[in-house]
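Structural description and commentary
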Amino acid sequence: MTRVLVPLAVLEGESVPLGLMDLLGTVDVTVLGYHVLPEQTPPDQARLQYEDRATEALADVTEEFRRAGGDADHRLVFTGDRAKSVERVADEVDARAYSILGATGDVERLLVPLTGDVAVERILDFVAELVGDRDVGVTLFIATGEPSDEGEERLASAAAALAERDVDVRTELVVGAPPFEALIEAATDHDAIVMGERAPSLRSLVFGDEAERVATESVGPVLVVRRERPPEEETDEDIEQAADDAEPSP
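All residue numbers refer to position in the chain's written sequence, counted from 1. Predicted model: local features are reported for residues with pLDDT of at least 70 only, side-chain atom pairs are reported and counted for 80 or more only, and whole-chain, interface and lining totals are derived from all residues. Computation of side-chain values covers all heavy atoms of the structure but excludes hydrogens and water.

Some points on a negative patch on the surface
Any residue with relative accessible area above 30% and no salt bridge may belong to a patch, with like charges joined within 9 Å and the nonpolar Val, Leu, Ile, Met, Phe, Trp and Tyr side chains within 5 Å. Exposure was quantified through the Shrake-Rupley algorithm and a 1.4 Å probe, taking into account, for residues, occlusion by the shown protein chains and nothing else. The rule for a salt bridge is simple: a side-chain nitrogen of Lys or Arg has to be within 4 Å of a carboxyl oxygen of Asp or Glu. Positive charge is attributed to Lys and Arg, negative charge to Asp and Glu, and no charge count is given to His or to the chain ends. We put the charge of a Lys on NZ, of an Arg on CZ, of an Asp on CG and of a Glu on CD. Judged by side-chain charge, Asp22, Asp106, Glu108 and Asp135 come together as a negatively charged surface patch. Numbering goes from the N terminus for both helices and strands, where a helix is a DSSP run of H or I of at least four residues and a strand is a run of E of at least two. By secondary structure assignment, the location of Asp106 is in the loop between β4 (97–100) and β5 (109–113). Under the scheme applied here, a residue whose accessible area is under 20% of the maximum for its type counts as buried, over 50% as exposed, and between as partly exposed, the area being computed with a 1.4 Å probe on protein chains only. Judged by its relative accessible area of 60%, Asp106 falls in the exposed class.

Brief notes about the environment of Thr171
Within the fold, Thr171 resides in strand β7 (residues 169–175). As for Thr171 and Phe141, which are separated by 30 residues in sequence, their C-alpha atoms are 6.0 Å apart.

Quick word on the packing of helix α6 (residues 179–187) against helix α8 (residues 210–218)
Between N-to-C directions, angles span 0 to 180 degrees; the directions come from axes that are lines fitted to C-alpha atoms, helices contributing only their stretch in contact. Interaxial distance between α6 and α8 falls to 10 Å at its minimum, and their mutual angle equals 45 degrees. On the basis of the axis angle, α6 is oblique to α8. As for how α6 packs across α8, the hand of that crossing is right-handed. Taking contact as the criterion, the partners of Phe180, Leu183, Ile184 and Ala187 in α6 are, on α8, Glu210, Arg213, Val214, Glu217 and Ser218. In the scheme used here, Gly and all other residues not listed as nonpolar or charged are polar, with Ala, Val, Leu, Ile, Met, Phe, Trp, Tyr, Cys and Pro taken as nonpolar and Asp, Glu, Lys and Arg as charged. Tallied by class, residues from the contact of α6 with α8 come to five nonpolar, one polar and three charged. Our angle categories are set so that under 35 degrees counts as roughly parallel, over 145 as roughly antiparallel, 65 to 115 as roughly perpendicular, and the remainder as oblique. Take the far helix as your reference; a near helix turned counterclockwise from it by less than a right angle gives a left-handed crossing, and one turned clockwise gives a right-handed crossing. Pairs of residues are marked as contacts when any of their non-hydrogen atoms sit within 4.5 Å.

Observations concerning the nonpolar core
In this description, a nonpolar core means a group of buried Ala, Val, Leu, Ile, Met, Phe, Trp, Tyr and Cys residues linked to one another through side-chain atoms lying within 4.5 Å. Judged by nonpolar contacts, the single largest core of 50 residues is most densely connected at Leu24, Phe65, Leu110 and Leu140. Take this core: its biggest share by element is eight residues, from helix α4 (residues 120–131). Apart from residues no more than four positions distant in its own chain, Leu110 is found in contact with Leu23, Leu130, Val131, Val136, Gly137, Val138, Thr139, His190, Ala192 and Val194. Core analysis: the next-biggest nonpolar cluster, separate from the first, contains 29 residues, Tyr34, Tyr98, Ala182 and Val222 among them.

Set out below in structure tokens:
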């Protein structure tokens, strides 16, 4: 079954909206409770001070996800680098996607941008499983600077693939507007966003990760479908990071 990683700043009072819990009821969930440590703070010291409280809070959230319909478990990390910990745990639990939390009520329509170099088939498979047989509509979205048949063809092909799986789908093509701004404007009519992860780029290094920016600007939750990663050997840095922040599953 598809698994989604839900990072949660567990000691900062961050919560998962009920609408997102219900939306994820068709998939399995791993709740990743994390706490970012100040520089020079030993992880063992943080565990000693905070582990019991954090674990209790994670157990409550995990049980709520189970009641929503899917299987759920949780992990707890004390880390100096949130992004690296999220990626590492996502690899460990084989998460197809991860969430960026945001405010939402009942999710009735998803916005699914297909602009740029994203794994369309992988995104569509995830969306179809996420929606299941529920009455949740999907808007496939592309923004492009100039008119082009490619965008229309991509939308038509993707819409047909979802329609074959009985998903209520419509399409939206925006021409001539900056893609990011057009996406944020379209998000106002939707309850959550599902988007594909892109490889790191110079733009993302300068302006920040696109999915994080979308979540900040749109306010609602974002589910990011992860890229397929080629197998790589662990580096010394990976091993050191895992030793610093890993906690066994309950």
